[in-house]
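Residues per chain are reported as follows:
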Amino acid sequence: MTAIEKYDKERSHKPSEWYKPSSLNCLRQMYFMRTKADVDDTFTEYNSIGMADTGSRRHVAIQTILEHMEDMQYDWRYIDVAEYIEQKHKAGKCQSLSVVGKSGAETKLFDDVWKLMFLCDGIIQRISTGEYYLFEFKNQISFKAAGKESVDKEHFNQVTAYCAELDLTKAFVLYENRDNCSLECPELFEVTDAMKQSFYNRLLECEGYVERLIIPPKPEDTKKCKWCKYKTVCRKS
């Protein structure tokens, strides 16, 4: 256990300066990331490392099934994200978005205009209608995953960002209960033009602070601060 913890710490690296859809809930965190602020010297316990590793492996397992659904006569086709982006470019859309590479089951994408880096789980298509949907997979502990009726609010910004960048309007967010591997997709999440504009406005707002080197105000909701890597620099500001 200690060897795994030590190995994880040695492999840890400073976050890139690009915006990340999973880190849009706090303007301060976004600012510190963009300005390459020093991160806290954190230590991750063995259990947390193991849960993250389990989640990554489940991503691969779920994606493998998606890739074979058409072969098994389901009305769903898994779409290669790189090929999807190439087709969008030909149609004159998603022009600033490029494929950086693959990371496990995910495709790594970068938008050089909006300074946004993110990993996409996948895109699926309903064969009978030709409609495309974002596919996002979340592996959660039992009390978060069980009995969902809607997509978690903490994932709204992330899913909206993906849909805005990929020219999509609908998303399936699949939650897996980490304790028993049960699956729930609580709703078809629809992203409106207003939601997409709000996402881009948030990036513009933060870029305004970055250009002036002014730290944004502290957030009223501090629940997420517990997991932030910028607590030290934030307290000093």
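Shown above is the structure to which this text applies.
Keep in mind the model is a prediction, meaning the values are calculated, not measured. (Residues numbered from 1 in each chain as written. Predicted model: local features only at pLDDT ≥ 70, side-chain atom pairs only at ≥ 80, totals over all residues. Heavy atoms only, no water.)

A. Structural view of the overall build of the protein. When its secondary structure is counted, the protein shows eight helices and nine strands. Computed over C-alpha atoms, the radius of gyration of the protein comes to 19 Å, within 12% of the 18 Å expected from 2.2 N^0.38 for 237 residues, which places it in the range of a compact globule. In terms of principal-axis extent, the alpha carbons of the protein reach across some 60 × 45 × 35 Å. Intrachain contacts of the protein at a sequence separation of at least 6 include 66% that bridge at least 24 residues. Approximately 13800 Å² of the protein is accessible, and the part contributed by carbon and sulfur atoms is 51%. In the protein, the 35 positive side-chain charges and the 38 negative ones have mean positions that sit 6 Å from each other. (Helix = DSSP H or I, 4+ residues; strand = E, 2+ residues; numbered from the N terminus. Rg over C-alpha atoms; globule rule 2.2 N^0.38 Å. Contact = heavy atoms within 4.5 Å. Areas by Shrake-Rupley, 256 points an atom, 1.4 Å probe, with all protein chains shown as cover. Lys, Arg positive; Asp, Glu negative; His and termini not counted. Charge placed at Lys NZ, Arg CZ, Asp CG, Glu CD.)

B. Geometry of the nonpolar core. By size, the foremost hydrophobic cluster in this structure holds 42 residues, and its most contacted members are Leu109, Leu134, Leu166 and Phe199. Secondary structure elements with two or more residues in this core: α2 (27–34), α4 (81–90), β4 (116–120), α6 (156–166), β7 (170–177) and α7 (193–212). Residues Leu66, Met69, Ile124 and Tyr133 belong to the second largest nonpolar core, which totals 11 residues. (Core = buried A, V, L, I, M, F, W, Y, C linked by side-chain atoms within 4.5 Å. Buried < 20%, exposed > 50% of the residue type's maximum accessible area, 1.4 Å probe, protein only.)

C. Structural view of the packing of α2 against α7. Put simply, α2 and α7 touch, their axes get as near as 10 Å, and they point 55 degrees apart. Here α7 runs oblique to α2, going by the angle between their axes. Between α2 and α7 the crossing geometry is right-handed. Together, Leu27, Met30, Tyr31 and Arg34 of α2 and Arg202, Leu203, Glu205, Cys206, Glu207, Tyr209 and Val210 of α7 make up the contact between the two elements. (Axes fitted to C-alpha atoms, helices over the stretch in contact; angles between N-to-C directions. Parallel < 35°, antiparallel > 145°, perpendicular 65-115°, else oblique. Left-handed = near helix turned anticlockwise from the far one by under 90°.)

D. Representation of the sheet that holds strand β2 (residues 97–103) within the structure. The three strands are arranged β2-β3-β4 in an open sheet whose pairing can be described as antiparallel. The open sheet has two edge strands with one neighbour each: β2 and β4. Between one strand axis and the next, the sheet turns through 25 degrees on average, direction left out of account. Examined bridge by bridge, strand β3 (residues 106–111) and β4 share five bridges and lie antiparallel to one another. (Pairing = 2+ DSSP bridges.)

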